[in-house]
Amino acid sequence: MSAADTDAKADLHRYLQAARDALLWKLDGLSEYDARRPLTPTGTNLLGLLKHTARVELGYLGDTFGRPSTEPLAQLDFDADPNADMYATAAESREDIVGVYRRAWAHADATIDALPLDTVGRVPWWPDGRDEVTLHHAVVRVIADTHRHAGHADILRELIDGTVGMNDGNTNVPSNDPAWWEAYRDRLERMAKEAAGKA
């Protein structure tokens, strides 16, 4: 493996792991109910995001490259329930889903470590003739998907208890003072109303 390939893999892995860690952090300190309750009209919930992201990793960085997982999550019946990976069942605990996610990322990391980035795989659920993808492309796709869902988790967690930030050691927000945020939000509300009045 070339030094450039090694460096590229290290960069990709760093961004993927940062998204994974951010997504997991959003569950810290929550009750079982808050971790799984739907908070949007389409049912988006924190454990569902984690379960979905685990399935994405197992699919794109496992099945696609002939490295299937033995995780039951990899065998979900999407014909019976097209959202089967977007929620935790009553029988699945938070620990179950977190464990599956950690095993999924270990499986994905093993694929990334084992194969060159220009390795071509076939995405089983993409149409024939348009189903080829390189490992590099698949990793970038998984990074984008994981960061997208970490952003969803940011908003869900803020709705639950006001917790915000990128991770435990880096809130990445200008203030922790609720009064500051209330004044900021009020200012934005006034500007929105002013702009709407001009329309």
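Here we take up the packing of helix α1 (residues 3-25) against helix α3 (residues 46-60). Across the interface, α1 lies against α3 with an axial gap of 10 Å and an inter-helix angle of 155 degrees. The angle between α1 and α3 falls in the class roughly antiparallel. When the axes of α1 and α3 are compared, the crossing they make is left-handed. Here L16, R20, L23 and L24 of α1 come into contact with α3, specifically with L49, L50, T53 and E57. Of the residues belonging to the contact of α1 with α3, the class tally is 5 nonpolar, 1 polar and 2 charged.

Turning our attention to the environment of E158. With respect to the element layout, E158 can be found in helix α5 (residues 135-161). With 132 residues separating them along the chain, E158 and K26 place their C-alpha atoms 9.3 Å apart. Not counting the four nearest positions on each side in its chain, E158 is found in contact with T163 and V164.

Let us look at the layout of surface pockets. Empty space within the largest pocket amounts to approximately 300 Å³. If you trace the largest pocket, you find 13 residues lining it, with R55, V56, F78, D85 and W125 closest to the centre. Elements supplying a minimum of two residues to the lining of the largest pocket: α3 and α5. In terms of residues, the lining of the largest pocket owes the most to one element, α3, which gives 5 residues. Tallied by class, the residues present in the lining of the largest pocket amount to 6 nonpolar, 2 polar and 5 charged.

Here is what the cut-offs are and how they apply
- Residues numbered from 1 in each chain as written.
- Predicted model: local features only at pLDDT ≥ 70, side-chain atom pairs only at ≥ 80, totals over all residues.
- Heavy atoms only, no water.
- Axes fitted to C-alpha atoms, helices over the stretch in contact; angles between N-to-C directions.
- Helix = DSSP H or I, 4+ residues; strand = E, 2+ residues; numbered from the N terminus.
- Parallel < 35°, antiparallel > 145°, perpendicular 65-115°, else oblique.
- Left-handed = near helix turned anticlockwise from the far one by under 90°.
- Contact = heavy atoms within 4.5 Å.
- Nonpolar A, V, L, I, M, F, W, Y, C, P; charged D, E, K, R; others polar.
- 1 Å grid on protein atoms, 1.4 Å probe; cavity = no way out; pocket = protein on both sides within 12 Å on 5 of 7 lines; lining within 4 Å.
- Points joined across faces, edges and corners; volume = space filled by probe spheres on them.

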